[in-house]
Amino acid sequence: MEDYESDNGRMLFAGVYASDIAEEFGTPVYVTDEKKLRENYRRIHGVFAKEMDTVVNYACKANSNLAILRILEEEGSHIDAVSVGEVESCLKAGFTADRILYTGVNVSNEELKAVSELDVMINIDSESELERLAEINPGHKISIRINPGVGSGHSDAVITGKRGTKFGIPSERAIDVYARANDLGFDIRGIHAHIGSGGSDIYPFMDAAEILSELTNEIKDIGVDLEFIDIGGGFGVPYKMNEDPMSLEELAIEVTDIIKMQTDVETLYIEPGRYIVADTTVLLTKCVNIKDLGTKKFVGVDAGMNNLVRPAMYGSHHHVAIADKFGKACTAKYDVVGPICETGDYLAHDRVLPNPAEGDIVVVYTAGAYGFSMSSNYNMRPQCREVLVNDGKAELIRDVQPMEDLWKHQIVPERLRK
Ligand SMILES: *Cc1c(COP(=O)(O)O)cnc(C)c1O
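Residues numbered from 1 in each chain as written. Predicted model: local features only at pLDDT ≥ 70, side-chain atom pairs only at ≥ 80, totals over all residues. Heavy atoms only, no water.

Visitor: Please explain helix α9 (residues 248-262) as it appears in this structure.
Guide: Helical geometry: 3.6 residues make up each α-helical turn, so side chains three or four residues apart lie on a common side. Compared with an ideal rise of 1.5 Å per residue, which puts 15 residues at 21 Å, α9 spans 21 Å between its outermost C-alpha atoms and is within 8% of the ideal. Those residues of α9 that fall on the buried side of the exposure criterion are L248, L251, A252, V255, T256, I258 and I259. Take α9 and look down its axis: the buried residues cluster within an arc of 150 degrees, on one side only. Contacts made by the buried residues of α9 are with α2 (34-49), α8 (203-221), β12 (228-230), β13 (267-270) and α10 (274-277). (Helix = DSSP H or I, 4+ residues; strand = E, 2+ residues; numbered from the N terminus. Expected span 1.5 Å × (residues − 1). Buried < 20%, exposed > 50% of the residue type's maximum accessible area, 1.4 Å probe, protein only. Arc of directions from axis to C-beta. Contact = heavy atoms within 4.5 Å.)

Put into structure tokens, the structure is as follows:
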């Protein structure tokens, strides 16, 4: 991973001083670089499209801000959505239904009905779901999610493609399920596997492509021609300074080689979430309190696990720096901790930092994926702002949540009112 540029010890984000953005909009604030977002989309689409016809379904759970979705819509992206809320958000952002694939898990009949009425292709996760959709809309366009028995991911919590996870239909059931879907009259378009999130090794993706290719041929033998193979997302990105990115070129060549050589399928679907948005965004947070316990030093900041839960939830590493002490000599090791009343509320452990002081702006790197989108109101803290920087200009793309929102949908029974 590469570091940001700076000017006289002041970090520059997309050509703007990071601390100026914090000053103008307040903290905590997520800040996204539009140019980088567009570049990331173009890079991943280009690398695969060079090898074979490729549809990029941006997995919008990584970051579902409408402005971000608008940019990706303009770039020509399609969408992988995992809930009705995501489908509706993408429709609102201007994606047509034919550019959205819905991949739910443990889907209710209400949700199946809602998604099929919106005319969005459904990626079936279980045999029960297939039967239930047949009652609701038997001719619907579908794909089927296979659990290939290979997994990948940055932590056990995000590996989805292994046996024993709740996702997909085990590969040995696949042929029966395709035959059943065909008998039921479904419009069957593709086959899918998503093996996990954030893995940086290309081999699990190749294994999954092999399994999907073999199944595609067996499915053809029972009279169903598939239009696409969907290898899912989960392409890892570096979070540490000395980490190299995974070789997307190699991945694209290997995976498309397998599909082209073994099947007649002409279109590849990929579903990157993290890859497209992770490094487009930083979280800016203000140091509000320094605490030195002798054995341990804390940089207390105004962003916590309510804003960015990945370190607390997965033990994830996010690089941190001080915006206006950029490249300065480090003085000691600190934990960067937030305002939430939990011992696990930290953003970074044991980081050497250059003499942090109250008022400093701390920059949390690579925060664009599963950052804001996983944020919450825990401890009754309003969700923070989001800003988009383009061409040297910073624009607000989400305002801070008003305090009234915190109790907006709560109902106190009449007899308890004061
Ligand atoms: C989350 C998810 C993705 C994207 O994962 P990333 O690690 O963000 O690339 C893709 N497909 C499905 C079905 C998902 O649930």
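Visitor: Sorry if this is basic, but what is going on with unusual backbone geometry here?
Guide: Glycine aside, residues mostly have negative phi, and peptide bonds are mostly found in the trans state. For the bond running from T27 to P28, omega is -10 degrees, close enough to zero to count as cis. Within the secondary structure layout, P28 lies in the loop between α1 (18-25) and β4 (29-33). A positive phi is found at N8, a non-glycine position, where the angle reads about 50 degrees. Within the secondary structure, N8 sits in the loop between β1 (5-7) and β2 (10-13). Judged by its relative accessible area of 76%, N8 falls in the exposed class.

Visitor: What exactly am I supposed to notice about the environment of H318 here?
Guide: Relative to the elements of secondary structure, H318 occurs in the loop between α11 (310-314) and β16 (320-322). In sequence terms H318 and K240 are 78 residues apart; their C-alpha atoms lie 7.1 Å from each other. Those residues in contact with H318 that sit more than four places away from it in its chain are Y239, L308, R310, P311, A348, R351, V364, Y365, T366 and A367. Only 2.9 Å separates the side chain of H318 from the side chain of R310, close enough to count as a polar contact. In this structure the side chain of H318 is engaged in a polar contact, spanning 2.8 Å, whose partner is the backbone oxygen of Y365. (Polar contact = N/O pair within 3.5 Å; in protein donor to acceptor, adjacent residues only side chain to side chain.)

Visitor: So what exactly am I meant to see when it comes to the domain arrangement of the chain here?
Guide: One frequent convention defines the size of an interface as the accessible area lost when the parts assemble. Along its sequence, the chain is carved into domain 1 (6-32 + 278-407) and domain 2 (34-276). Every contact between the two is made by 23 residues of domain 1 and, on the other side, 24 residues of domain 2. Of the roughly 2,000 Å² buried between domain 1 and domain 2 on both sides combined, carbon and sulfur atoms contribute 55%. On the surface where domain 1 and domain 2 come into contact, there are one salt bridge. Two residues, K36 and D279, come together in a salt bridge whose shortest N-O distance is 3.9 Å. Put simply, the parts of the chain that give the side of domain 1 that touches domain 2 at least two residues each are α11, β20 (385-390) and β21 (393-398). Tallying contributions element by element places β20 first for the side of domain 1 that touches domain 2, with four residues. In terms of residue class, the side of domain 1 that touches domain 2 is built from eight nonpolar, 11 polar and four charged. (Domains from an automatic or database assignment. Buried area = accessible area lost by both parts, 1.4 Å probe. Salt bridge = Lys/Arg side-chain N within 4 Å of Asp/Glu carboxyl O. Nonpolar A, V, L, I, M, F, W, Y, C, P; charged D, E, K, R; others polar.)

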